[in-house]
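A look at the structure
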Amino acid sequence: MPLHRQENVFFNIIDSENSLSEVLCNLLQFPNFKTVFVHLIRELFNSYHIDFDYRDVDTQKVSVNRRKYRGTPDVVVETETFVLLIENKSENATLTQEQKGCYRNYFKGKDTNLKKFLIFLIPKDYPHKKNLEKCMEKCIKRGRREIFVKLMTWEKLVESLSESKFTNEDVILKHFYDALVNKFKPIKFTAEEIDMMKNNEIPQKLLDMKSLVDKVSDEIKSSSIYKIGGRSNSYGSYGRYVQKTKGKDILWFGIFYEYWAKTGLPLSIEITDEMYKKAPSKAKKQLKRFKMESWDKDLWVGSLRQECLKDDNNVHKIAEDIIKAAEAILKPEN
């Protein structure tokens, strides 16, 4: 399920590799998370002496020994006995040329008696795994002293958190676990759903619906009263904006997939919360608040007459409904 601000403190925070690295680093100050994470590292390197204090942890620490390989490992842990670098690749970006050299360069500036560990923390389906493996080989071969390099997946961390007794006892840890599940959960389909998608009529009907939206747009535009802008809204549906003057939206209409999934109604109109506040009472009665799960935002949505879809004159009737809705929104309050 998507995250909501009211339910998860990490909502809209873990939105990049850098922000996820910072959150990971910050959580290491809490004993419960640190216990889970350190146990994973110990298992990974089969080295049960590994331990550290939160004061040993830093992020984005610049390596500047040689300009050619200037770089910033995402997380750095330095103690009196070892140095551990963690490179987070939670998105699809590959390693930069600077990153490929900065790990070796960072280790070169450290005491030769220190043990050196490097972890690439990646999603299970990371597309550039082969490039990482090549980098790992170079790190191991070129070091004067042995560098221990391993891959670890975010999914493995999720699994460890799910098995830990701390996750349900610690609110922050539970929120982080839920945020990671939301970010890295696999998208799977049941056998029944796969069979349903094999029905070639379904994609064809979706294409027909998009064509209908385009024809309705042309019909509204031909009235010379309203303008049409933008081909889609910002959360993956297909539709157009109706405008009185260019650039000033009155409403959006089209195929709002999330609303369709919840109500069974493929065609709808929609206005923002800001527009709803300005609309007259009569127009408001035709709209209902809709809570989006894919985006933490409330919209006001109205259903168009779905029975028009089977009508030969459906384009004109749907356009007529949309124009009436636009007029109702613009009409001054009596």
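Anything mentioned here points back to the structure above.
Description of the structure in this document. (Residues numbered from 1 in each chain as written. Predicted model: local features only at pLDDT ≥ 70, side-chain atom pairs only at ≥ 80, totals over all residues. Heavy atoms only, no water.)

Examining the packing of aromatic side chains
Formally: Aromatic rings from Phe, Tyr and Trp, taking only the six-membered ring of Trp, are treated as a pair when their centres fall within 6.5 Å; an angle between ring planes under 30 degrees marks them as stacked, one over 60 as edge-to-face, and anything in between as tilted. Secondary structure counts use DSSP, requiring at least four H or I residues in a row for a helix and at least two E residues in a row for a strand, with both numbered from the N terminus. Note on classification: 1.4 Å probe, protein chains only; a residue is buried when its accessible area is under 20% of the maximum for its type, exposed when over 50%, partly exposed between these limits.
Under the criterion given, the structure shown has 13 aromatic pairs. Between Phe33 and Phe37, the ring centres sit 5.7 Å apart and the planes meet at 20 degrees, which makes this aromatic pair stacked. Of this pair, Phe33 and Phe37 are both found in helix α2 (residues 31-45), four residues apart, which corresponds to roughly one turn of the helix. You'll find Phe33 and Phe37 in the same group, each marked buried.

What to know about the sheet that holds strand β1 (residues 57-59)
What counts is decided by this rule: Paired strands, in this sense, are two strands between which DSSP finds at least two bridges. Interaxial angles span 0 to 180 degrees and are taken between N-to-C directions of axes, which are lines fitted to C-alpha atoms, for helices over the stretch in contact. Only heavy atoms enter the contact rule, under which two residues are in contact if any of them lie within 4.5 Å.
In spatial order, the strands read β1-β2-β3-β4-β5; together these five strands make up an open sheet with mixed pairing. Both edges of this open sheet fall to β1 and β5 (147-153), since each of them pairs with a single strand only. Across the sheet, the mean angle from the axis of one strand to that of its neighbour is 20 degrees, orientation sign disregarded. Sheet analysis places strand β2 (residues 75-78) next to strand β3 (residues 82-88), joined by four bridges and oriented antiparallel. Looking at β3, one finds that Val75 is bridged to Ile86. This element, helix α5 (residues 154-163), spans β3, β4 (115-122) and β5 of the sheet and lies at about 70 degrees to β5.

Re the packing of helix α9 (residues 201-221) against helix α13 (residues 314-330)
For clarity, the threshold we go by: Note on convention: near helix rotated counterclockwise from far helix by under a right angle means a left-handed crossing. Clockwise means right-handed. Here the nonpolar group is Ala, Val, Leu, Ile, Met, Phe, Trp, Tyr, Cys and Pro; Asp, Glu, Lys and Arg are the charged ones; every other residue, Gly included, is treated as polar.
At a minimum axis distance of 9 Å, the contact between α9 and α13 shows a crossing angle of 60 degrees. Here α9 runs over α13; the crossing is right-handed. In this structure, α9 uses Leu212, Lys215, Val216, Glu219 and Ile220 to contact α13, whose residues at the interface are Asn314, Val315, His316, Ile318, Ala319, Ile322 and Ile323. Partitioning the contact of α9 with α13 into residue classes produces eight nonpolar, two polar and two charged.

Quick look at a nonpolar patch on the surface
Applied cut-off: Like-charged residues are merged into a patch within 9 Å and nonpolar side chains (Val, Leu, Ile, Met, Phe, Trp, Tyr) within 5 Å, provided each residue has over 30% relative accessible area and no salt bridge. Note on areas: Shrake-Rupley with a 1.4 Å probe; residue coverage comes only from the protein chains shown. When a carboxyl oxygen of Asp or Glu lies within 4 Å of a side-chain nitrogen of Lys or Arg, that pair is called a salt bridge.
Together, Ile187, Phe189, Ile194, Met196, Met197, Ile202 and Leu206 line one region of the surface with nonpolar side chains, adding up to about 680 Å² of accessible area. Inspection of the secondary structure puts Met197 in helix α8 (residues 191-197).

Focus on the environment of Ile318
By secondary structure assignment, the location of Ile318 is in helix α13. Note: C-alpha distance between Ile318 and Gln306 (12 residues apart in sequence) is 8.9 Å. Not counting chain neighbours up to four residues away, the residues in contact with Ile318 comprise Leu212, Val216, Leu267, Leu304, Cys308 and Leu309.

Thoughts on α2
Convention followed: What a helix should span is 1.5 Å times the count of its residues minus one.
Here α2 contains 15 residues, and its C-alpha end-to-end distance of 21 Å stays within 8% of the 21 Å for a straight helix at 1.5 Å per residue. For α2, the complete set of buried residues consists of Phe33, Lys34, Val36, Phe37, Val38, Leu40, Ile41 and Phe45. Just downstream of α2 lies Asn46, where phi reads positive at about 50 degrees.

Quick word on the nonpolar core
In a soluble, globular protein the nonpolar side chains are often hidden away together inside. In plain terms, the rule: Each nonpolar core is a collection of buried residues, namely Ala, Val, Leu, Ile, Met, Phe, Trp, Tyr and Cys, held together in the definition by side-chain atoms within 4.5 Å.
Core analysis: the largest hydrophobic core is formed by 40 residues, its most contacted members being Phe33, Phe37, Leu161, Phe176 and Leu180. At the level of secondary structure, the elements contributing two or more residues to this core comprise α1 (17-27), α2, β2, β3, β4, α5 and α7 (171-184). Sort the elements by how many residues they give to this core and α2 lands first, with seven residues. Residues within four places of Leu161 in sequence aside, it is in contact with Phe33, Val36, Thr167, Leu173, Phe176, Tyr177 and Leu180. Counting residues in hydrophobic clusters, the runner-up holds 31 residues, among them Val213, Ile255, Val315 and Ala326.

Concerning unusual backbone geometry
Positive phi, close to 65 degrees, is recorded for Asn12, a residue that is not glycine. Structurally, Asn12 can be placed in the segment before α1. Its identity is not glycine, yet Asn46 carries a phi of approximately 50 degrees, on the positive side.

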